[in-house]
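# Reading the structure
Each chain is listed here by its residues.
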Amino acid sequence: QVQLVESGGGLVQAGGSLRLSCAASGRTFSNYVMAWFRQAPGKERGFVAVIRWSGTSANVADSVKGRFTISKDNAKNTVYLQMSSLKPEDTAVYYCAAKYGSNWSAREYDYDYWGQGTQVTVSS
């Protein structure tokens, strides 16, 4: 079974940086697309970033472009979200997600597997 475990969340001050990790296990992810979503209290879950497990193709949401970077370490079966210049509006539970196939998506319902989420709180 697929298991995605996020880590690295915490409390940071505005302008600070944080790196989230998503440890993937249960199968080989060569044909998978990995993504990060986030959900603030009372708001809908929204797309943050996506990357193909194989190759280098990656995209981030316009709202975080220039501040967030998604990357991966295939040898460690880990996907990262490097966050910098954090803003209070970045406060949310961040989720790692995975879907089968090479066509990446920003749509929540396209993803098959989800982690438990990790809380990121940015203080002003």
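Described below are features of the structure shown in this document.

## A word on the side chain of Arg67
For Arg67, the location among the structural elements is in the loop between strand 6 (58–60) and strand 7 (68–73). In terms of polar contacts, Arg67 uses its side chain to reach the backbone carbonyl oxygen of Ser63, at 3.3 Å. What Arg67 contacts, discounting residues up to four positions off in sequence, is Gln82, Met83, Ser84, Ser85, Leu86, Lys87 and Asp90.

## Here's the deal with the sheet that holds strand 1 (residues 3–7)
Here we have four strands laid out as an open sheet, ordered 1-3-8-7, and antiparallel in their pairing. Two strands lie at the open edges of the sheet, namely strand 1 and strand 7, each paired on one side alone. Each adjacent strand pair in this sheet contributes to an overall mean axis angle of 20°, direction not counted. Note that strand 3 (residues 18–25) and strand 8 (residues 78–83) share six bridges and pair antiparallel. What sits directly across from Ser21, in strand 8, is Tyr80.

## Regarding the state of the cysteines
All told, the structure shown has one disulfide when counted by the stated rule. Paired through a disulfide, Cys22 and Cys96 show a sulfur-sulfur distance of 2.0 Å. On the sign convention where negative means left-handed, the S-S torsion of about -75° between Cys22 and Cys96 marks this disulfide as left-handed. Placement of Cys22 in strand 3 and of Cys96 in strand 9 (residues 92–100) is noted, with a sequence separation of 74 residues between them. Exposure remark for Cys22: the relative accessible area of 0% places this residue in the buried category. On the basis of relative accessible area, Cys96 is assigned to the buried category, the value being 0%.

Definitions and limits used
- Residues numbered from 1 in each chain as written.
- Predicted model: local features only at pLDDT ≥ 70, side-chain atom pairs only at ≥ 80, totals over all residues.
- Heavy atoms only, no water.
- Helix = DSSP H or I, 4+ residues; strand = E, 2+ residues; numbered from the N terminus.
- Polar contact = N/O pair within 3.5 Å; in protein donor to acceptor, adjacent residues only side chain to side chain.
- Contact = heavy atoms within 4.5 Å.
- Pairing = 2+ DSSP bridges.
- Axes fitted to C-alpha atoms, helices over the stretch in contact; angles between N-to-C directions.
- Disulfide = S-S within 2.5 Å.
- Buried < 20%, exposed > 50% of the residue type's maximum accessible area, 1.4 Å probe, protein only.

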